[in-house]
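# Inside the fold
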Amino acid sequence: MSEPFEADDVLDTSGLYCPEPIMLMHNKVRDLGSGKLLRVIATDPATTRDIPQFCAFLGHQLLERREEDGRFEYLLRLA
């Protein structure tokens with residue numbers, strides 16, 4: 001997959017299932033500052049629902065969402 005946006009950090013949650021990817025995202029978001037770009041990689045199909053809800057609830061901007069061969073990638077701009 002190409003990466004048109006250069007992320008400030010990458011969180012790879014491959015092999016983990018709900019709720020672990022979201023729990024790890026909460027921790028990572030706390031470590032990064034507002035306005036930073038976080039790329040999240042996941043293999044859990046539930047992230048297609050959970051990550052947009054996470055962003056909407058906490059005010060983060062979901063800039064990009066892609067799926068290829070069972071791998072999901074998201075790019076978030078942190079609020």
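To keep things clear, this report deals only with the structure shown in the data block.

Conventions we followed
- Residues numbered from 1 in each chain as written.
- Predicted model: local features only at pLDDT ≥ 70, side-chain atom pairs only at ≥ 80, totals over all residues.
- Heavy atoms only, no water.
- Pairing = 2+ DSSP bridges.
- Helix = DSSP H or I, 4+ residues; strand = E, 2+ residues; numbered from the N terminus.
- Axes fitted to C-alpha atoms, helices over the stretch in contact; angles between N-to-C directions.
- Contact = heavy atoms within 4.5 Å.
- Buried < 20%, exposed > 50% of the residue type's maximum accessible area, 1.4 Å probe, protein only.
- Right-handed = clockwise from strand over helix to strand, strands pointing away.
- Core = buried A, V, L, I, M, F, W, Y, C linked by side-chain atoms within 4.5 Å.

### Overview of the sheet that holds strand E3 (residues 61–68)
Taken together, 4 strands build an open sheet; the order of strands is E1-E2-E4-E3 and the sheet is mixed. Two strands in the sheet have a free side with no partner beyond their single neighbour: strand E1 (9–12) and E3. In this sheet, adjacent strand axes meet at a mean angle of 15 degrees when their direction is disregarded. As paired strands, E3 and strand E4 (residues 71–77) are joined by 7 bridges and run antiparallel to one another. Each residue of the ladder has a partner; that of Arg66, found in E4, is Glu73. Along the sheet, helix H1 (residues 20–31) contacts E1, strand E2 (37–42) and E4; its crossing angle with E1, the most-contacted strand, is approximately 165 degrees. On top of the sheet, helix H2 (residues 47–58) reaches E2, E3 and E4; it is set at about 5 degrees to E4, its chief contact.

### Brief notes about the pairing of E2
Most of E2 is tucked away: 6 of the 6 residues are buried. Of the two faces of E2, both are covered, the one formed by Leu37, Arg39 and Ile41 as well as the one formed by Leu38, Val40 and Ala42. Crossover E1 to E2 through H1 is right-handed. One ladder, built from 6 bridges, connects E2 with E4; its direction is antiparallel. Within the sheet, the bridge partner assigned to Leu37 lies in E4 and is Arg77.

### Some details on the nonpolar core
Side chains of nonpolar character tend, in soluble globular proteins, to be buried together. Formed by 14 residues in total, the largest nonpolar core has its most connected members in Met25, Leu38, Val40, Ile51, Phe54 and Leu76. Mapped onto this core, the elements with two or more residues apiece are H1, E2, H2 and E4. Excluding residues within four positions of it along the chain, Met25 makes contact with Leu11, Val40, Ile51, Phe54 and Leu76.

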